[in-house]
Structures are given as C-alpha cells and as structure tokens.
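A closer look at the structure
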Amino acid sequence: MNKKIAVILGDGIGPEVTQQSIKVLDAVAKQYGHEFHYTECLMGADAIDKTGNPLPDETIEVCLNSDAILFGAIGHPKYDNDPNAKVRPEQGLLKLRKSLQLFANIRPVITYPSLQHLSPLKAKQLEEVDFIIFRELTGGIYFGKKETNEEKTYAFDECSYSREEIERVSHLAFQYAQKRRKKLTLVDKANVLETSRLWRKVVQELAPQYSDVTVDFLFVDNAAMQIIVNPKQFDVVLTENMFGDIISDEASVISGSLGLLPSASVGNGSALFEPIHGSYPQAAGKDIANPLGSILSAAMLLDHFGLNKEAQVVREGVEWTINNKFVTKDIDPVNFYFTSTIGDLIADFVSNKIPGDINQANIELRKSTII
Ligand code: IPM
Ligand code: MN
C-alpha cells in the first residue's frame, strides 16, 4: 500500500511524540511492504511564529491532498493568559477541522490492568471499562457567532445545530455501536437547551433504523458523574462539541494517564489522528512525554487505511511496553524511560526484534538515572 500522510508536529511536546509515531509507522511499512510518504506542514503557535498565521493555506492544501493527517499537539502558554490575543494557536486546529469537514471525533477509552494503581478510580470500577466517545466536531458553540462589545462589558457565544449536522455524526455512532456492544448513550442537556432537544429528537428518530442498538439518554451533568461512578455502563457515547471536549478529558484520566488516549477525527474525505492530550509545554524538548497517545493514534490511522492487522500489532507493542514496565515519567516518576526509547521499543516490537533480540543493557542506559 502506498499512502500520503500529512504530518503536523505542532507545539510543545507535539514534535517529539509524533516522531515516535513516524518511527513506528516506518517499522510497519518496512515489515509489511507498504510505503508511507510524509509531508510536514505547520499549524498552531509554531505556525504563528514562522508565518504569522495559525493555519497557513499551504497546510490546508497539503492535508487535502493527503490520505491521512498525523497531528501532535497545539497551544502555547503565552496565548492562554492573554484574553486580548487576536491570533491564537487553537484557531488553526478549529479552522482545519472546519475546512476538512472533520465532523466526528472518535475517542476510545480503555483501561490497562497493569496501570490500575494510577487511576483515580478504584480497581473494581475499572474492570471491563471499554467505551468510545463520539464528539461532534464542527458545530455547536465552538463555531457559533461570538462577540464582545467595545466596552468589554458583555460577550456572547452562540450555540446552534442543524438536523443534518446531528444526523451525520449520529449515523456513524450508531454504526459503531452495531459493531460493538450495541448500546448508544446520547449525552445532552435537553432539560435546558433547545439544541439538546433537537439532538434528542433526531437521535430518537434515527433509532428505528438501528433497531439492534439500545439507546439511552443522559444529561451531561449526570453523565459527568456516571463516568466516575460506573464507567463500564458505557459503550458508545454520542454528544455535541463542547460536552464531548469536557467529558473526554474527564474520561481520559480513568486509564491512569492523559498521555495514553488517542483520537481520530473523520469526515467525508480526510481523517486526522491526534492524541487527546495538550501541548504540555513544561515537558517540551525533554524527551519525557508519553508517546503512547500518539502511537495509538497512528494505530487508528492504520485501521483507517484498512491495515487492521498492522494496527493490531502496534497496539500489542504498546501493551507489551506497558506490561514490561517500559513506561514514561507520567506513569512511573522514578523508574521511567524516555519518549524516544518507548518509540524505539515499539518499532522493534513491530519489526519482530522483541523479545529475542532485545538488548536490556542498552535499554537500561536510556532509563532515567534518578533512582
Ligand atoms: C481538543 C482540544 C481542542 C478542543 C482545543 C485545542 C481547541 O482541547 O482537541 O480536545 O477544544 O477541541
Ligand atoms: Mn479538549
């Protein structure tokens, strides 16, 4: 298979985690006889520094001409605390999602038994947790009209949804549910918001087309609580843009580290793959960030290409590192390995060099010395 992949390294730890995914994808290509051609492009604070624009036209062009996009992270503290900043890194990502019509963001949440001790939840609540959040990504309050008056005493953000916007992401979520445990939960705030009432109506109307799927409805405040109290009840969670942003960060910590969760953003044509974590500027350039969210996003990219066997091997590689305690600092602050070492190990796993050829002494050299 011959594929073109646009690579947006982005800000903070984006470059170093994405480099590990490329390492792993290169190992996949070599091992299974594929060719992946990468084109790097700019977005975010990095793009503002270099071009003044968080999303140069050239980036949109490259992404439109690629089979998939691999993206690192976005954001820089110098913009976070400046409410007057006119240009922000995040505008790049939002514009890219809109330009490519990436209307569904898919965020799988699973747990790893060997990381249970890191989860804020008790072991019993973690058993059998396996759900997917479907977040609508190109509508709602993120993209509504927004304004602040001149005196800066009043501001508003409008939240709107059309039936069509709700339908397309809902169809996808229903189809995923059919392939899984056949349960779909719509998360909304239909007791207060008109947009939520429209979501409920549309989902209720679509449900008969997927009669094998059980549908239930939860208000977002209740859902936020249920994710902590009883996360195993969920299979496919469908929700609008901002609720999805919030509950997916909440759900991510269940697994033990925000650094573990991947995501795919899909639309009619292009698809973008990125870890759900942010740019973690304090760790940038230190080779300590967890690359697993990015590497698992690369596995989702392989699935998107129909390379399911290859995706599975990458996931097994990730599990192998976790189970053998080859983990980054977020998981083990004392005996940790570097970002690049984890990438090397998973690439070696894909290349079948583990465990036979593993050179423990070399790996130990790349381990932290702070013991
Ligand atoms: C995410 C991020 C983005 C979002 C930001 C960076 C604009 O938090 O992908 O979840 O809010 O969608
Ligand atoms: Mn977010």
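Note that the coordinates shown come from a computational prediction; the quantities given were computed from them, not determined experimentally. (Residues numbered from 1 in each chain as written. Chains lettered and ligands numbered in written order. Predicted model: local features only at pLDDT ≥ 70, side-chain atom pairs only at ≥ 80, totals over all residues. Heavy atoms only, no water.)

**Comments concerning the packing of aromatic side chains**
Summed over all chains, the structure comprises 10 aromatic pairs. When the ring of F134 is compared with that of Y176, the centres are 4.9 Å apart and the planes differ by 65°; the resulting orientation is edge-to-face. Pair noted here: F134 is in strand β5 (residues 130-136) and Y176 is in helix α7 (residues 163-179), with a separation of 42 residues, a long-range link. We classify F134 as buried; its relative accessible area is 0%. (Phe/Tyr/Trp six-rings, centres within 6.5 Å; stacked < 30°, edge-to-face > 60°. Helix = DSSP H or I, 4+ residues; strand = E, 2+ residues; numbered from the N terminus. Buried < 20%, exposed > 50% of the residue type's maximum accessible area, 1.4 Å probe, protein only.)

**Digging into the environment of K145**
Looking at the secondary structure, you find K145 in the loop between β5 and β6 (146-148). Remark: the alpha-carbon pair of K145 and S160, spanning 15 residues in sequence, is separated by 9.2 Å. Every residue in contact with K145, bar those within four places of it in the chain, is listed here: F156, D157 and E158. (Contact = heavy atoms within 4.5 Å.)

**What to know about the pattern of salt bridges**
Tallied over the entire structure, the rule returns 17 salt bridges. Two residues, D49 and K78, come together in a salt bridge whose shortest N-O distance is 3.4 Å. Taken as a pair, D49 in helix α2 (residues 45-51) and K78 in helix α4 (residues 77-80) lie far apart in primary sequence, 29 residues in all. Look at the salt bridges and you will find they share partners, linking D130, R180, R181 and D235 into a network. (Salt bridge = Lys/Arg side-chain N within 4 Å of Asp/Glu carboxyl O.)

**Quick look at the site of ligand 1**
Taken together, I74, E90, R97, R107, R135, Y142 and D245 make up all the residues around ligand 1. Between ligand 1 and the protein, one listed contact pairs an oxygen atom with a side-chain N or O atom of R107 at 3.0 Å. Here ligand 1 has 320 Å² of accessible area as a free molecule, and 79% of this is covered by the chains. When each cavity is represented as a set of grid points, ligand 1 is found to reside in the largest pocket. (Near = heavy atom within 4 Å. Polar contact = N/O pair within 3.5 Å; in protein donor to acceptor, adjacent residues only side chain to side chain. Areas by Shrake-Rupley, 256 points an atom, 1.4 Å probe, with all protein chains shown as cover. 1 Å grid on protein atoms, 1.4 Å probe; cavity = no way out; pocket = protein on both sides within 12 Å on 5 of 7 lines; lining within 4 Å. Sits in = over half its atoms within 2 Å of the grid points.)

**Examining the layout of surface pockets**
A water-sized probe, rolled over the atoms, reveals where empty space remains. The computed volume of the largest pocket comes to approximately 1100 Å³. Along the wall of the largest pocket there are 38 residues; nearest its centre are R88, E90, Q91, L94 and Y142. Mapped onto the lining of the largest pocket, the elements with two or more residues apiece are β3 (68-73), α4, α5 (89-99), β6, β7 (155-157) and α10 (241-252). Sorting elements by how many residues they give to the lining of the largest pocket places α5 first, with 5 residues. Its residues assigned to classes, the lining of the largest pocket comprises 16 nonpolar, 8 polar and 14 charged. Counting contributing residues per domain, the lining of the largest pocket is built from domain 1 (1-107 + 257-371) and domain 2 (120-255), each supplying no fewer than three. (Points joined across faces, edges and corners; volume = space filled by probe spheres on them. Nonpolar A, V, L, I, M, F, W, Y, C, P; charged D, E, K, R; others polar. Domains from an automatic or database assignment.)

**Observations regarding the nonpolar core**
Ranked by size, the top nonpolar core spans 89 residues in total, and within it F36, F131, F134 and L238 carry the most contacts. For this core, the element with the highest residue contribution is helix α11 (residues 292-304), accounting for 8 residues. Residue-level mapping places this core at the junction of two domains, with at least three residues from each of domain 1 (1-107 + 257-371) and domain 2 (120-255). One finds I60, C63, I69 and L93 within the second-largest nonpolar core, a separate group that totals 16 residues. (Core = buried A, V, L, I, M, F, W, Y, C linked by side-chain atoms within 4.5 Å.)

**What about the UniProt feature "site: Important for catalysis" (unreviewed entry) in the protein chain?**
When the UniProt feature table is mapped to this numbering, "site: Important for catalysis" (unreviewed entry) covers Y142 and K189. As for the lining of the largest pocket, the annotated residues named previously contribute Y142. Note that Y142 resides in the loop between β5 and β6. Residue class for Y142 comes out partly exposed when judged on its relative accessible area of 22%. Not counting chain neighbours up to four residues away, the residues in contact with Y142 comprise L94, R135, N241, M242 and D245. Structurally, K189 is set in the loop between β8 (183-188) and α8 (194-206). For K189, a relative accessible area of 18% gives the class buried. (UniProt positions renumbered as here; feature names shortened; annotations may be inferred.)

**Considerations on the packing of α11 against helix α12 (residues 308-323)**
At a closest axis distance of 7 Å, the pairing of α11 and α12 adopts a crossing angle of 160°. As summarised for this structure, α11 and α12 are arranged roughly antiparallel, according to the angle between their axes. When you trace α11 past α12, the crossing you get is left-handed. Together, L292, I295, L296, A299, M300, L302 and D303 of α11 and N308, E310, A311, V314, R315, V318, T321 and I322 of α12 make up the contact between the two elements. (Axes fitted to C-alpha atoms, helices over the stretch in contact; angles between N-to-C directions. Parallel < 35°, antiparallel > 145°, perpendicular 65-115°, else oblique. Left-handed = near helix turned anticlockwise from the far one by under 90°.)

**With respect to the UniProt feature "domain: Isopropylmalate dehydrogenase-like" (unreviewed entry) in the protein chain**
Sequence positions flagged by UniProt for "domain: Isopropylmalate dehydrogenase-like" (unreviewed entry) are, in local numbering, residues 4-346. The annotated region residues 4-346 carries 41% helix and 19% strand content, and the separation between its end C-alpha atoms amounts to 22 Å.

**Here we look at α11**
With 13 residues, α11 extends 18 Å from end C-alpha to end C-alpha; this agrees with the ideal 18 Å at 1.5 Å per step. Within two residues after α11, G306 carries a phi angle of roughly 85°, on the positive side. (Expected span 1.5 Å × (residues − 1).)

**Quick word on the packing of helix α1 (residues 14-32) against α11**
Each pair of packed helices gets described by two things: the angle between the helix axes and the distance between those axes. Where α1 contacts α11, the two axes come as close as 8 Å, and the packing angle between them is 40°. As judged from the angle between their axes, α1 and α11 are oblique. Two packed elements cross with a definite hand, and for α1 against α11 that hand is right-handed. For the pair α1 and α11, contact is made by V17, T18, Q20, S21, V24, L25 and V28 and by S294, I295, A298, L301 and L302, respectively. Broken down by class, the residue content of the contact of α1 with α11 amounts to 8 nonpolar, 4 polar and no charged.

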